[in-house]
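# Overview (structure and organization)
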Amino acid sequence: MPQITIKNADRETVKKVSGKIAEQVSKAIGVPPRHIVVEYSDTELFRMGEADTKTAMAWVCWEKRPAEMQAAVSKISAEIFFEEGFERFETIYDNLDMNDFYEYEKPKIE
């Protein structure tokens, strides 16, 4: 956690930038990079009935953080996608109540 779902970018682009996103976002919010999950979502955006191929979008699902941290994460992501040829980047934050989040790892047997 956090989980960053990328929309309206092809799978290969998302795969290519996922490590960079994890590294830079982890520094901005102070968590290890392995805590950042980047998800590819096979979606298309349309504006006025036309495909919008120059906009990428991120849906960030995480524990609520300060507005300046949200702005920093949005800017980091936008700059990465601008380098990939996108002209617009939009971010939506879904702030979780962490009482509703569960995560389990299989115990290691030694």
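Counting of residues starts from 1 at the beginning of each chain's written sequence and follows it residue by residue. Selection of residues for local features in this predicted model requires a pLDDT of at least 70, selection of side-chain atom pairs for listing and counting requires 80 or more, and totals for whole chains, interfaces and linings are taken over all residues. Neither water nor hydrogens contribute to the side-chain values; these are computed over all heavy atoms in the structure.

### Quick word on the side chain of Ser 26
Runs of E in the DSSP output that reach at least two residues are strands. Runs of H or I that reach at least four are helices, and both are numbered from the N terminus. Within the fold, Ser 26 resides in helix H1 (residues 11–29). Judged by relative accessible area, Ser 26 falls into the buried class, the value being 4%. Any two residues whose heavy atoms approach within 4.5 Å are treated as being in contact. Excluding residues within four positions of it along the chain, Ser 26 makes contact with Ile 21, Val 31, Pro 32, Pro 33 and Ile 36. For each residue, the accessible area found with a 1.4 Å probe, counting protein chains only, is set against the maximum for its type, and the residue is called buried under 20%, exposed over 50%, and partly exposed in between.

### Observations concerning the pattern of salt bridges
Take a side-chain nitrogen of Lys or Arg and a carboxyl oxygen of Asp or Glu: if they are within 4 Å of each other, that pair is a salt bridge. Inspection of the entire model under this criterion finds seven salt bridges. With its nearest N and O atoms 2.7 Å apart, the salt bridge here joins Glu 83 to Lys 20. Taken together, the positions of Glu 83 in helix H2 (residues 67–83) and Lys 20 in helix H1 put the pair 63 residues apart, joining distant regions of the chain. Looking at Glu 83, the relative accessible area reads 54%, which means it is exposed. Since its relative accessible area comes to 36%, Lys 20 is described here as partly exposed. In this structure, Lys 75 engages Glu 79 in a salt bridge whose closest nitrogen and oxygen atoms are separated by 3.9 Å. Within this pair, Lys 75 and its partner Glu 79 are both found in helix H2, separated by four residues, close to a single helical turn. Here Lys 75 falls in the exposed class, since its relative accessible area comes to 53%. Salt bridges here are not isolated pairs; linked through shared partners, they connect Arg 47, Asp 52, Arg 88 and Glu 90.

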